[in-house]
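# Overview (structure and organization)
Chain by chain, the residues:
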Amino acid sequence: MTNTSGVWEPFKREYKMSPFENYQEIAQKGPLYKVNNNSTMILSYKINEKLFKCKDVIPLSTNQTMRKKCPSLCRIISNWVFTMSGQKHTKARMFLMEHWDLNQLKTSVEEFTFELFKNNRNIKFNFIKDYAEIVSTYTFLKYFCINLNKAKEIISYINELKNVIEIFVSTKQYEKMEEACLNFTKLIIKELENGKSVFFNQLYDCLDDSNDREEVFVSIILLLFNTSISTSAAQLTLSLNAILNSTTQKNFIVNNYKKRGKSIVQELIRFDSPVQIISRIAKEDIEICNKVIKKDSYILLNIGAANRDPEQFHNPNILNLNRAYKPNLSFGIGPHHCLGASLAKFSLNSFLETSSELLPNINLNENSNLIWENGIAIRSLKKYPIVIN
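So, here's what we can say about the structure. (Residues numbered from 1 in each chain as written. Predicted model: local features only at pLDDT ≥ 70, side-chain atom pairs only at ≥ 80, totals over all residues. Heavy atoms only, no water.)

## Concerning the overall build of the protein chain
Of the regular secondary structure elements, the protein chain holds 15 helices and 13 strands. Taken over C-alpha atoms, the radius of gyration comes to 21 Å for the protein chain, in line with the 21 Å a tight globule of 389 residues would show. Taken over the C-alpha atoms alone, the protein chain extends approximately 55 × 55 × 35 Å along its principal axes. Of all 389 residues assigned to the protein chain, the portion counted as buried reaches 53%. Restricting the contact set of the protein chain to residue pairs at least 6 apart, pairs at least 24 apart contribute 72%. As displayed, the protein chain offers around 18500 Å² of accessible surface, 48% of which is attributable to carbon and sulfur atoms. On the protein chain, the mean spot of the 49 positive side-chain charges and the mean spot of the 39 negative ones are 4 Å from each other. (Helix = DSSP H or I, 4+ residues; strand = E, 2+ residues; numbered from the N terminus. Rg over C-alpha atoms; globule rule 2.2 N^0.38 Å. Buried < 20%, exposed > 50% of the residue type's maximum accessible area, 1.4 Å probe, protein only. Contact = heavy atoms within 4.5 Å. Areas by Shrake-Rupley, 256 points an atom, 1.4 Å probe, with all protein chains shown as cover. Lys, Arg positive; Asp, Glu negative; His and termini not counted. Charge placed at Lys NZ, Arg CZ, Asp CG, Glu CD.)

## Examining the nonpolar core
Grouped together as the largest cluster of nonpolar side chains are 49 residues, with contacts concentrated most on Phe144 and Phe225. Ranked by residue count, the leading element in this core is helix H12 (residues 213-244), at 10 residues. Excluding anything up to four places from it in sequence, Phe225 contacts Phe140, Leu141, Phe144, Ile154, Ile158, Phe184 and Ser230. One finds Ile128, Ala242, Leu268 and Ile388 within the second-largest nonpolar core, a separate group that totals 42 residues. (Core = buried A, V, L, I, M, F, W, Y, C linked by side-chain atoms within 4.5 Å.)

## Re the state of the cysteines
In this structure the tally under the stated criterion is 0 disulfides. Take Cys70: it sits in no disulfide, and the sulfur closest to it among the cysteines is that of Cys74, at 6.0 Å. With relative accessibility at 0%, the residue Cys70 sits in the buried group. Sulfur of Cys289: no disulfide; nearest cysteine sulfur belongs to Cys54 and is 14 Å away. (Disulfide = S-S within 2.5 Å.)

## Notes on the layout of surface pockets
Approximately 590 Å³ is the volume found for the second largest pocket. Together, 26 residues line the second largest pocket, and Asn159, Lys162, Asn163, Glu373 and Asn374 are the ones closest to its centre. Going through the elements one at a time, helix H8 (127-143), helix H9 (151-161), helix H10 (171-194), H12 and strand E12 (381-383) are the ones with two or more residues in the lining of the second largest pocket. Examining the composition of the lining of the second largest pocket, we find that 4 residues originate from one element, H12, more than from any other. (1 Å grid on protein atoms, 1.4 Å probe; cavity = no way out; pocket = protein on both sides within 12 Å on 5 of 7 lines; lining within 4 Å. Points joined across faces, edges and corners; volume = space filled by probe spheres on them.)

## Describing the packing of aromatic side chains
Following the criterion strictly, the structure yields 23 aromatic pairs and no others. Aromatic pair Phe140 and Phe144: ring centres 5.7 Å apart, planes at 90 degrees, arrangement edge-to-face. Exposure remark for Phe140: the relative accessible area of 0% places this residue in the buried category. Here the aromatic residues Phe95, Trp100, Phe140, Tyr143, Phe144, Phe184, Phe199, Phe200, Tyr204, Phe217 and Phe225 are joined through ring pairs into a cluster of three or more. (Phe/Tyr/Trp six-rings, centres within 6.5 Å; stacked < 30°, edge-to-face > 60°.)

## Quick word on the sheet that holds strand E13 (residues 385-388)
One open sheet holds the 3 strands; their spatial order is E5-E13-E10, and the pairing between them is antiparallel. One side of each edge strand has no neighbouring strand; the edge strands of this open sheet are strand E5 (124-126) and strand E10 (362-364). Within the sheet, the average angular offset between the axes of one strand and its neighbour, ignoring direction, is 30 degrees. Relative to E13, E5 runs antiparallel, the two sharing 3 bridges. Note that in E13 the partner of Lys124 across the bridge is Val387. Across the sheet, H8 is in contact with E5 and E13; its angle to E5 comes to roughly 60 degrees. (Pairing = 2+ DSSP bridges. Axes fitted to C-alpha atoms, helices over the stretch in contact; angles between N-to-C directions.)

## Notes on the pattern of salt bridges
This model, assessed by the stated rule, comprises 10 salt bridges. Taking the shortest distance from any N to any O, the salt bridge between Glu175 and Lys69 comes out at 3.6 Å. One end of the pair, Glu175, is in helix H10; the other, Lys69, is in helix H4 (residues 64-69), with 106 residues separating them in the sequence. With a shortest N-O distance of 2.7 Å, Lys142 and Glu111 are connected by a salt bridge. One end of the pair, Lys142, is in helix H8; the other, Glu111, is in helix H7 (residues 102-119), with 31 residues separating them in the sequence. Here the salt bridges do not stand alone but share partners, grouping Glu267, Arg270 and Arg323 into one network. (Salt bridge = Lys/Arg side-chain N within 4 Å of Asp/Glu carboxyl O.)

## Some remarks on the environment of Asn22
By the element assignment, Asn22 lies in helix H2 (residues 20-27). The sequence separation of Asn22 and Glu115 amounts to 93 residues, and the corresponding C-alpha distance is 40 Å. Other than its neighbours up to four places away in sequence, Asn22 contacts Val7, Trp8, Glu9 and Tyr15. Side-chain polar atoms of Asn22 contact the backbone nitrogen of Glu9, separated by 2.9 Å. (Polar contact = N/O pair within 3.5 Å; in protein donor to acceptor, adjacent residues only side chain to side chain.)

## Focus on empty space enclosed by the protein
By the definition in use, this model includes 2 cavities of 30 Å³ or more. Space inside the largest cavity adds up to approximately 80 Å³. In this structure, the largest cavity is lined by Tyr15, Lys16, Pro19, Tyr23, Gln276, Trp372, Glu373, Gly375, Ile376, Ile378, Arg379 and Ser380. Reported here for the second largest cavity is a volume of approximately 50 Å³.

In structure tokens form, the structure reads like this:
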């Protein structure tokens, strides 16, 4: 049954702070919500899970405005899709699958977490700018043998490019995304030419010898950075915010993290995740709950609502770090599993492991109001001021 009684209200101030109440309102009459004549939002966990794996539901193509304002970024996205789907550059795809060293990433995350956190004790600081963005960016720069001094520059580009998955994007935002894409491209090509990164050299050698070879190389690196850095930083901040809002859960981490770390991280990711809504398009007519979604219609996979589906999770609106480990959809599933998932989990685990004993002394700066980003597909904070005593 399609829900038409509730109203989706993504532009309200309250929605930015917490969209979950609105999700529940529109889900009361059924798992499908009709956004408009050509768009349907999916709220159920099981249906979202099924559609993630459905071959007839594909990533949304670029729109007319984006193609006009962001020609370089559109080519980047097309090249990435072709490479990852195996339509071309198959050797490069195999190289990524075989040589993406998660153990090396994990070690770097732990190293940078310790250094940054050690240096930030007994002070007030912005958790996002001074820690969350830095640790994930440093990890990637070290992995690719890029000078750590490039961190702030890359973060500025990624903070623009993350809007590529947003549902509503202004013309000005598109222009900023294109500029960021061009600048990132120059930086990466320069790093490739200096020959310091073995990974870069080997990946480039695996690409088909074609006119777009350099552009395809940049597309792979850009998407790796974009899906990992922004996701990791936002997940760290959302999780810390959830912890600091509950003294009980904070104390649970202090006393149980060593033996329950994996399930604690999983629950934090379920409770509040950066990617809330993913846009897809129906390649063919699809029947869901006795309703036919026509070919070329838009499908909004609401991950945030799915992760709070009471049919899948008991008391879903309560952060329960003692909850048994259970899969969620925060980073997708199957062929559409987010590449940034590993870095996000490593970063969160390393932060909690390093800071667990200090958590009782970490607090939100009471003199600051939280300011949320305006995104609808992506949920994140602009800054998060904390105090470590």
